[in-house]
Amino acid sequence: MLLWLNGPFGGGKTQTAYELHRRLPDSVVCDPEEVGFGLHRMTPRPLRGDFQDFAAWRLGVREVLDLVLRRHEGGGPVIAPMTLVEPGYFAEIIGALRDGGHDVRHFALLAPRETVLRRLAERGLGLGRGLRRESFAVARLDHCLERLALPDFAQHVRTDRSTVPEVAEAVAASAGLTLLPNTYGPLRQRLRRARVGLHHLRRG
């Protein structure tokens, strides 16, 4: 099974993905952003733009996910956290994987604009720059929220009044998956979120 966690930048996709990974035995996180980072690193800065516009990104993500879904030895769910709001790109990746016989469960993690902006500001503060570091995410926010609210991007999961473990539990329940019990207390949960966030910032 593939769990594709969609949502605006700052919507909680990565945190939810790693919470699911922690509590789903034999699961694996396959982050499509890694393919984009590779394309950007081999492209001159003036030519970079949005890596999702590269056909190579869409093809590469689809082929890697297809390979992992077919050959992942653990047999647990594959988790892909990635914002994807263009219907054509959605069809090229998620639609094609479904057409290829894979069990793909798509979830759009949504929160009000002000909540997402606050999360982005907190994430940017990890590097001392607040929303200045998140200019691309802020510029795309309204477009993302508008697109993801459409029925084509269901299933929708509200995250503004839920903790990360609660969002992960809602996703797992909808997909018919049983999570291991959450044995982390509030402090340990906060430390884990900080580690995941810092790791993601360093990769970016």
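Up top is the structure these notes are about.
On a predicted model such as this, the values are computed, not experimentally measured, just so you know. (Residues numbered from 1 in each chain as written. Predicted model: local features only at pLDDT ≥ 70, side-chain atom pairs only at ≥ 80, totals over all residues. Heavy atoms only, no water.)

What follows covers the side chain of His-106. Following the sequence through the fold, His-106 ends up in strand 4 (residues 104-110). On the basis of relative accessible area, His-106 is assigned to the buried category, the value being 4%. Within polar-contact distance, the side chain of His-106 engages the backbone oxygen of Phe-153 at 3.5 Å. A distance of 3.1 Å separates the side chain of His-106 from the backbone oxygen of Ala-154, its partner in a polar contact. The residues contacting His-106, other than those within four sequence positions of it, are Trp-4, Asn-6, Phe-90, Ile-94, Arg-98, Phe-153, Ala-154 and Gln-155. (Helix = DSSP H or I, 4+ residues; strand = E, 2+ residues; numbered from the N terminus. Buried < 20%, exposed > 50% of the residue type's maximum accessible area, 1.4 Å probe, protein only. Polar contact = N/O pair within 3.5 Å; in protein donor to acceptor, adjacent residues only side chain to side chain. Contact = heavy atoms within 4.5 Å.)

Within the secondary structure, Leu-39 sits in helix 2 (residues 33-41). The sequence separation of Leu-39 and Phe-54 amounts to 15 residues, and the corresponding C-alpha distance is 8.5 Å. Apart from the residues lying within four places of it in its own chain, the contact partners of Leu-39 are Phe-54, Ala-56 and Trp-57.

Right, let's talk about the pattern of salt bridges for a bit. Under the criterion given, the structure shown has 10 salt bridges. Among the salt bridges present, the one from Arg-58 reaches Glu-92, with a minimum N-O distance of 2.9 Å. Residue Arg-58 is found in helix 3 (residues 55-71), and its partner Glu-92 is found in helix 4 (residues 87-99); the two are separated by 34 residues along the sequence. On the basis of relative accessibility, which here comes to 30%, the residue Glu-92 falls in the partly exposed class. What emerges from the salt-bridge pattern is a single network uniting Glu-19, Arg-22, Arg-23 and Glu-169. (Salt bridge = Lys/Arg side-chain N within 4 Å of Asp/Glu carboxyl O.)

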